[in-house]
Amino acid sequence: MKFFVDTAEVAEIKDLAASGLLDGVTTNPSLILKSGRPMLEVIQEICALVPGPVSAETVATDHKTMLEEGRKLAKLAKNIAVKVPLTPDGLKTCKALTSEGTMVNVTLCFSSAQALLAAKAGATFISPFVGRIDDNGHDGMALIEEIMTIYRQYPHFKTEVLVASIRHTQHVVRAAKLGAHVATLPPNVLRALFKHVLTDMGLKAFLDDWAKTGQSIL
Ligand code: G3P
């Protein structure tokens with residue numbers, strides 16, 4: 001399973017990339033706003049830090065302008081995945097960019113029917129938003145299960161399921177159990193994956209005992 005980080009904070013990305021756990025990055029207009037930085041500049045910086053796919057989102061809603069935006073974003077770096085919304089114009093743009101050899105991440109997916117359309121349009125990634133589905137009283141992970149089941153029926157589909165809008169570690173664990181290809185994690189969730197109270201307690205006990213030996217390794 002690949003781990004992407006869902007942020008446009010360069011310092012966070014640098015730190016997480018050093019752990020060797022990062023396979024890519026996803027951003028969106030809200031995350032760019034949060035970073036307070038010019039989008040094109042920040043995306044270029046991220047692309048230089050992480051060799052894997054870096055999602056940069058288009059903001060036009062019509063196909064023609066969206067395609068122009070996508071082409072401009074794709075020129076920023078080789079590892080750009082252009083993000084387009086799951087709309088008729090978005091999927092048309094997905095098809096065009098894919099045929100030009102650009103990776104495309106189809107975003108704002110909330111149903112398995114939409115995921116089917118994205119795969120048919122040749123999307124590199126489909127991004128179902130599990131947290132927002134949960135927030136609305138439904139089961140986001142049930143959607144991942146359904147999409148994985150559908151995609152498995154058609155081995156010629158190359159689209160990878162990128163679980164997005166992750167809120168906690170159990171979303172990640174459940175996504176892994178379902179065989180989802182990618183999870184994009186907010187930095188706090190990625191860090192939370194390390195945590196276990198027994199690890200902390202066990203480490204403390206070992207270090208206390210080690211101190212009592214009076215020895216040192218170095
Ligand atoms: O980038 C898409 C996605 O991960 C958004 O997450 O937390 O805004 O629902 P969130």
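Keep in mind that what you see is a predicted model, and the values were worked out from it rather than measured.

Chemist: Is there a simple way to think about the pattern of salt bridges in this case?
Modeler: Side-chain pairs of opposite charge can arise where the charged atoms are in close proximity. Evaluated as defined, the whole model comprises 12 salt bridges. In this structure, Asp 139 and Arg 174 form a salt bridge, with 3.9 Å as the shortest nitrogen-oxygen distance. Here Asp 139, found in the loop between helix 7 (130–135) and helix 8 (140–153), pairs with Arg 174, found in helix 9 (residues 169–177); they are 35 residues apart in sequence, far enough to count as distant. According to the relative accessible area criterion, Arg 174 is partly exposed, its value standing at 37%.

Chemist: What am I meant to see in helix 9 here?
Modeler: Since the α-helix turns once every 3.6 residues, residues separated by three or four places project in the same direction. If you check which residues of helix 9 are buried, you get His 171, Val 172 and Ala 175. An end-on view of helix 9 places all buried positions within 100° of arc, on one side of the element. At its buried positions, helix 9 is contacted by strand 1 (2–6), helix 7, helix 8, strand 7 (160–163), strand 8 (182–185) and helix 10 (187–192). Of the residues trailing helix 9, Gly 179 is marked for its positive phi of about 80°.

Chemist: What's the story with the site of the ligand in this structure? I'm lost.
Modeler: Inspection of the region around the ligand gives Asp 6, Asn 28, Lys 83, Phe 129, Arg 132, Ala 164, Ser 165 and Arg 167 as its neighbouring residues. At a separation of 3.0 Å, an oxygen atom of the ligand approaches a polar side-chain atom of Asn 28. Summarising the interface, the protein chains cover 81% of the accessible area of the ligand, which totals 310 Å² for the free molecule. Among the residues making up the shell around the ligand, the classes are represented as two nonpolar, two polar and four charged.

Chemist: Where do I start with the sheet that holds strand 3 (residues 54–57) in this structure?
Modeler: Through backbone hydrogen bonds, the strands of a sheet pair up, either in parallel or in antiparallel fashion. Within the closed barrel, the eight strands sit side by side as 1-2-3-4-5-6-7-8. Their pairing is parallel. Each adjacent strand pair in this sheet contributes to an overall mean axis angle of 30°, direction not counted. Taken together, the three bridges between strand 5 (residues 103–109) and strand 6 (residues 125–128) define a ladder with parallel strand orientation. Note on strand 6: the bridge partner recorded for Cys 109 is Pro 128. Strands in contact with helix 4 (residues 63–74) are strand 3 and strand 4 (80–85); relative to strand 4, the strand with the most contacts, it is inclined by about 160°. Sitting on the sheet, helix 5 (residues 88–99) is in contact with strand 4 and strand 5, with an inclination near 155° to strand 4.

Chemist: Could you clarify how one ought to interpret the packing of helix 6 (residues 112–120) against helix 8 in this entry?
Modeler: In helix packing, the relevant descriptors are the interaxial angle and the interaxial distance, both defined with respect to the helix axes. For the pair helix 6 and helix 8, interaxial distance at closest approach is 9 Å and the crossing angle is 40°. Taken together, the axes of helix 6 and helix 8 lie oblique to each other. Both helix 6 and helix 8 take part in a crossing whose hand is right-handed. Where helix 6 abuts helix 8, its residues Ser 112, Ala 115, Leu 116 and Ala 119 lie against Leu 143, Glu 146, Ile 147, Ile 150 and Tyr 151. Taken together, the residues that form the contact of helix 6 with helix 8 break down as seven nonpolar, one polar and one charged.

Chemist: Any chance you could explain the packing of aromatic side chains here in plain terms?
Modeler: Aromatic rings in a pair are described by how distant their centres are and how their planes are angled relative to each other. Under the criterion given, the structure shown has four aromatic pairs. Residues Phe 110 and Phe 129 carry aromatic rings whose centres are separated by 5.5 Å and whose planes lie at 65° to one another, so their mutual orientation is edge-to-face. Here Phe 129 lies in the loop between strand 6 and helix 7 and Phe 110 lies in the loop between strand 5 and helix 6, a separation of 19 residues in the sequence. You can call Phe 129 buried: its relative accessible area is 8%. Look at Tyr 154 and Phe 157: their rings are 5.4 Å apart centre to centre, the planes differ by 40°, and that puts the pair in the tilted class. Looking at Tyr 154, the relative accessible area reads 40%, which means it is partly exposed. Given the relative accessible area of 16%, Phe 157 is considered buried. An aromatic cluster of three or more residues is present, and its members are Tyr 151, Tyr 154 and Phe 157.

Chemist: Explain the packing of helix 1 (residues 10–18) against helix 3 (residues 39–49) here, please?
Modeler: Direction vectors running N to C along helix 1 and helix 3 enclose 5°, while the axes themselves pass 10 Å from each other. Considered as vectors, helix 1 and helix 3 are oriented roughly parallel to each other. Contact residues: Val 10, Ile 13 and Lys 14 in helix 1; Val 42, Glu 45, Ile 46 and Leu 49 in helix 3. Class assignment of the residues belonging to the contact of helix 1 with helix 3 gives a composition of five nonpolar, no polar and two charged.

Analysis parameters
- Residues numbered from 1 in each chain as written.
- Predicted model: local features only at pLDDT ≥ 70, side-chain atom pairs only at ≥ 80, totals over all residues.
- Heavy atoms only, no water.
- Salt bridge = Lys/Arg side-chain N within 4 Å of Asp/Glu carboxyl O.
- Helix = DSSP H or I, 4+ residues; strand = E, 2+ residues; numbered from the N terminus.
- Buried < 20%, exposed > 50% of the residue type's maximum accessible area, 1.4 Å probe, protein only.
- Arc of directions from axis to C-beta.
- Contact = heavy atoms within 4.5 Å.
- Near = heavy atom within 4 Å.
- Polar contact = N/O pair within 3.5 Å; in protein donor to acceptor, adjacent residues only side chain to side chain.
- Areas by Shrake-Rupley, 256 points an atom, 1.4 Å probe, with all protein chains shown as cover.
- Nonpolar A, V, L, I, M, F, W, Y, C, P; charged D, E, K, R; others polar.
- Pairing = 2+ DSSP bridges.
- Axes fitted to C-alpha atoms, helices over the stretch in contact; angles between N-to-C directions.
- Parallel < 35°, antiparallel > 145°, perpendicular 65-115°, else oblique.
- Left-handed = near helix turned anticlockwise from the far one by under 90°.
- Phe/Tyr/Trp six-rings, centres within 6.5 Å; stacked < 30°, edge-to-face > 60°.

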